[in-house]
Amino acid sequence: MHSIDQYRDSFLKELSKIAIDKEPKNLYQPITYILNLGGKRLRPILALMSADIFGVDYKEAISAAMAVEVFHNFSLVHDDIMDDAPLRRGKETVHEKWDINTGILSGDAMLIEAYRFLETYEGDQYKKLNSLFSITALQVCEGQQYDVDFETRDDVTIPEYLKMIEYKTAVLVAAAMKMGAVIARTTVQNEDLIYDFGKNLGIAFQLQDDYLDAFGDPKTFGKQVGGDIIENKKTYLYLKALELSSKAEQNSLDQLFSIQPTNNNDKVATVKAIFVESKADVATKQAIEEYTNKAFSVLEKLDVSLDKKEALKQFGLWLMTRKV
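Quick caveat: nothing in here was measured; it's all calculated off a predicted structure.

Draft legend 1. Focus on the overall build of the protein. Across its full length, the protein holds 16 helices and two strands. For 324 residues, the compact-globule estimate of 2.2 N^0.38 gives 20 Å, and the protein sits close to it at 20 Å. Projected onto its principal axes, the C-alpha coordinates of the protein cover approximately 60 × 50 × 30 Å. Per element, the accessible surface of the protein, about 14800 Å² overall, is 50% carbon and sulfur.

This is the structure in C-alpha cells:
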C-alpha cells in the first residue's frame, strides 16, 4: 500500500501532462484552467487506492482516474453555470472568467475527453469500465436534475434528498473505486463491496460538504460559504431544521427560502442561526457519522488483508473530519 500523498503526486504528475495547448484556445484554455484549480482529487485517489488494495500496480489505474477526474470537473463547469456560482476552489468559475457559451462548450469537450481516457484499456475490461462509466454519468445527470427540481419544490423529503446526493455525488466516488477493482481483476463480490463502500462514503462526503457550505471557513472551504442558502437549496441541514424547529422558525425558513435579496448576508446569518437553534447542525454531523460507519461495515466482508481495510478506514475518518 502507498500513502495518499503518493497517489496524489502520481496522479498530479500525469495530470500535468495534459496541459492543452491546442486551437481554438477558447475551447481548450478553460479545460486547462479548471483542471489546474486544485481540489482534493478524492475520486482519482480512490481509483488508484482501490487498484492497489486489490493487488495490482496502482499506476495501471491512472487512465481510469483521469477519466473520473475530467468527468467530475466537466460536471462542475456545468453545475457552476446552472447555479450562477462566482467561485470554484476560491477562484473565478469558468463562465465568469470567460462566458457561459465557452463554459458549455468546453464542458462538452471535457466529457468527450473523459471517455477517451478509457480507450487505453482493452477487451472485456474496457467494455466493463465503459459500461460502468456510462451508467454513472447518466446517474450524475439525474442527480443534478433532482437538485434543480428541488429548488422550486416545498415538499422535498429527506429520503428524496439522500437519493439526489447519492446520484449527484456518491455514485462517482463508488464508480472510481469499482474501476480500480475492475482493473485489478478481483472478484465480482469485491467489486460490488468496494462500490458500496464508496457509495456510502460519497454520501457522507456530500453531507459534510453541505455542512461546510454553511459552517465552513471561507479561507479553507474554497467556495462561497452560504452558497446553498443563497440559492435556496433544500440541503440535509435545511430539511432537518424544518423537521426539528418550532412553527415560527419553520415559517421563517419557508419565507427566507422564497426570496432572493440583493444583500444576502442577513439571510445567511438568520438561516444559520435556525440551523443551530434547531440542532439541525448536530443532526447533520450525526448523519455524516452514520454513513461513514455504513461504509466501514462493508469492510468486514471485503476479501483483502486487515492492513488494507485499515487504510480504507483511515481515509474515511479523514473525510469525515475534513475542513475543506
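Draft legend 2. Broad picture of the packing of aromatic side chains. Counted under the stated rule, the structure contains nine aromatic pairs. Considering the side-chain rings of Tyr7 and Tyr58, the 5.2 Å spacing of their centres and the 85° angle between planes classify their relative orientation as edge-to-face. Taken as a pair, Tyr7 in helix α1 (residues 4-15) and Tyr58 in the loop between α3 (42-53) and α4 (62-83) lie far apart in primary sequence, 51 residues in all. Each member of the pair, Tyr7 as well as Tyr58, carries the same accessibility label: buried. One aromatic cluster in this structure is built from Phe71, Phe74, Tyr115 and Phe133. Lys97 extends its terminal NZ or CZ atom over the ring of Trp98, reaching a point 5.7 Å from the ring centre. The ring of Phe257 is capped by Lys267, whose NZ or CZ atom sits 5.7 Å from the centre of that ring.

Draft legend 3. Fine view of the environment of Thr235. Here Thr235 lies in the loop between α11 (227-230) and α12 (236-244). Between the C-alpha atom of Thr235 and that of Asn263, which follows or precedes it by 28 residues, the distance is 21 Å. Those residues within four positions of Thr235 in sequence are excluded, and the remaining contacts are Tyr161, Asp210 and Asp228.

Draft legend 4. Summary view of helix α13 (residues 247-256). Where α13 is concerned, the buried positions are Glu249, Leu253 and Leu256. On an axial view of α13, the arc spanned by its buried residues comes to 70°, and they lie on one face. α13 presents Lys247 and Ala248 as exposed residues on the side facing more than 90 degrees away from its buried surface. Contacts from the buried residues of α13 go to α12 and α14 (265-277).

Draft legend 5. Broad picture of the nonpolar core. Counting residues in hydrophobic clusters, the biggest one holds 72 residues, and the most contacted among them are Phe197 and Leu312. Top element by residues in this core is helix α8 (residues 158-183). It accounts for twelve residues. Apart from the residues within four sequence positions on either side, Phe197 is in contact with Met177, Ala295, Phe296, Val298, Leu299 and Leu312. Membership of the second largest hydrophobic core comes to 32 residues, among which are Ala214, Ile229, Ile274 and Phe275.

Draft legend 6. Focus on the pattern of salt bridges. Scanning the entire structure with this criterion turns up 18 salt bridges. Measuring nitrogen to oxygen at the nearest pair gives 3.6 Å for the salt bridge that ties Arg116 to Glu113. Separated by three residues within a single helix, Arg116 and Glu113 lie in helix α6 (residues 100-117), roughly one turn from each other. Looking at Arg116, the relative accessible area reads 48%, which means it is partly exposed. One salt bridge connects Glu290 with Lys294, and the closest N-O pair in it is separated by 3.9 Å. Here Glu290 pairs with Lys294, and both are found in helix α15 (residues 280-299), just four residues apart, close to one helical turn.

Draft legend 7. Focus on unusual backbone geometry. The step from Glu23 to Pro24 runs through a cis peptide bond, and the omega angle for that step is -5°. Along the chain, the position of Pro24 falls in the loop between α1 and α2 (25-35). Positive phi outside glycine occurs at Asn232, with the angle close to 60°. By relative accessible area, which is 7% here, Asn232 ends up buried. A positive phi angle is found at Lys279, which is not glycine, with a value near 65°. You can see Lys279 is positioned in the loop between α14 and α15.

Draft legend 8. How the structure looks around the environment of Leu253. Tracing the backbone shows Leu253 in helix α13. Residues Leu253 and Tyr238, 15 residues apart in the sequence, show an inter-C-alpha distance of 8.2 Å. Setting aside its immediate chain neighbours within four residues, Leu253 contacts Tyr238, Ala241, Leu242, Val271, Ile274 and Phe275.

Calculation notes
- Counting restarts for each chain, with residues numbered from 1 along the sequence as it is written.
- At least 70 in pLDDT is required for a residue's local features to be given in this predicted model, at least 80 for side-chain atom pairs to be given and counted, and no such filter applies to totals for whole chains, interfaces and linings, which use all residues.
- Calculation of side-chain values draws on the structure's entire complement of heavy atoms; hydrogens and water are dropped beforehand.
- Strands here mean DSSP runs of E at least two residues long; helices mean DSSP runs of H or I at least four residues long; both are numbered from the N terminus.
- In this treatment the radius of gyration is a C-alpha quantity, and the globule benchmark scales as 2.2 Å times the residue count to the 0.38 power.
- Each accessible area is a Shrake-Rupley result for a 1.4 Å probe, and residues are judged covered by the shown protein chains and nothing else.
- Any two rings among Phe, Tyr and Trp, with Trp reduced to its six-membered ring, count as a pair given centres within 6.5 Å; such a pair is stacked if its planes are under 30 degrees apart, edge-to-face if over 60, and tilted if neither.
- Buried means the residue's accessible area, taken with a 1.4 Å probe over protein chains only, is under 20% of the maximum for its type, while exposed means over 50%, and partly exposed covers the values in between.
- Only lysine NZ and arginine CZ atoms are considered, and such an atom sits over a ring when it is within 6 Å of the ring centre and within 35 degrees of the ring normal.
- Any two residues whose heavy atoms approach within 4.5 Å are treated as being in contact.
- What the arc covers is the set of directions going from the helix axis to the C-beta atoms.
- The nonpolar core is taken to be a set of buried Ala, Val, Leu, Ile, Met, Phe, Trp, Tyr and Cys residues, with the residues joined through side-chain atoms within 4.5 Å.
- What counts as a salt bridge is simple: a side-chain nitrogen of Lys or Arg found within 4 Å of a carboxyl oxygen of Asp or Glu.

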